[in-house]
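Fold and geometry: a report
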Amino acid sequence: FTMKQILASREIQIPDDVTVEVKSRRVRVKGPRGELKRTFKHLQLQIEVTGKTLRVEAWFAKRKQLACVRTVVSHVKNMITGVTLGYKYTMKSAYAHFPIN
């Protein structure tokens, strides 16, 4: 018998230069550096935007669904960072044959 938590929720503050739209668990983030879209259809969560806050809720969730609440919030935060500041990837390439030290 596993316990269910009645309500788990987290909120994010949305910056002024960013717009976030949510329609049926599809999140679209627009900012000065572009637009990002991501779908969370596979998760049984409630995602809603009110004013400048995004709220993610899970009702009667077990442990695995509770973990998904914070995961979705982190994904949306990273999307907001991507459309405001952007990301820079650097790849280093190294070659050494079999005995790796």
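Described in the following lines is the structure provided in the data block.

Criteria and thresholds
Residues numbered from 1 in each chain as written. Predicted model: local features only at pLDDT ≥ 70, side-chain atom pairs only at ≥ 80, totals over all residues. Heavy atoms only, no water. Helix = DSSP H or I, 4+ residues; strand = E, 2+ residues; numbered from the N terminus. Rg over C-alpha atoms; globule rule 2.2 N^0.38 Å. Buried < 20%, exposed > 50% of the residue type's maximum accessible area, 1.4 Å probe, protein only. Lys, Arg positive; Asp, Glu negative; His and termini not counted. Charge placed at Lys NZ, Arg CZ, Asp CG, Glu CD. Phe/Tyr/Trp six-rings, centres within 6.5 Å; stacked < 30°, edge-to-face > 60°. Polar contact = N/O pair within 3.5 Å; in protein donor to acceptor, adjacent residues only side chain to side chain. Contact = heavy atoms within 4.5 Å. Salt bridge = Lys/Arg side-chain N within 4 Å of Asp/Glu carboxyl O. Core = buried A, V, L, I, M, F, W, Y, C linked by side-chain atoms within 4.5 Å.

When its secondary structure is counted, the protein shows one helix and six strands. Taken from the N to the C terminus, the helices and strands of the protein come in the order β-β-β-β-β-β-α. For 101 residues, the compact-globule estimate of 2.2 N^0.38 gives 13 Å, and the C-alpha radius of gyration of the protein, at 18 Å, exceeds that figure by more than 25%. Out of the 101 residues in the protein, the part that is buried amounts to 25%. Put simply, the protein has 20 plus and 7 minus side-chain charges, and the middle of one group is 11 Å from the middle of the other.

Moving on, we come to the packing of aromatic side chains. Under the defined criterion, the tally for this structure stands at one aromatic pair. Their ring planes at 45 degrees and their centres at 6.4 Å tell us that Trp59 and Phe60 sit as a pair that is tilted. Judged by its relative accessible area of 52%, Phe60 falls in the exposed class.

Let us now look at the side chain of Glu57. One can find Glu57 in strand 6 (residues 53-61). A polar side-chain atom of Glu57 sits 2.5 Å from a polar atom in the side chain of Arg55. Residues within four places of Glu57 in sequence aside, it is in contact with Leu7, Ala8, Ser9, Leu45, Gln46 and Glu48.

Let's shift gears to the pattern of salt bridges. Using the criterion set out here, one finds five salt bridges in the structure. One salt bridge connects Lys30 with Glu21, and the closest N-O pair in it is separated by 4.0 Å. Looking at Lys30, the relative accessible area reads 33%, which means it is partly exposed. In this structure, a network of salt bridges that share partners links the residues Glu21, Arg28, Lys30 and Glu35.

Another aspect to go through is the nonpolar core. Ranked by size, the top nonpolar core spans 21 residues in total, and within it Val27, Val29, Leu54, Val56, Val72 and Val76 carry the most contacts. Secondary-structure elements contributing two or more residues to this core are strand 3 (26-31), strand 6 and helix 1 (63-84). Examining the composition of this core, we find that seven residues originate from one element, helix 1, more than from any other. Aside from chain neighbours lying at most four places away, what touches Val27 is Val20, Glu21, Val22, Leu36, Lys37, Arg38, Phe40, Ile47, Val76 and Met79.

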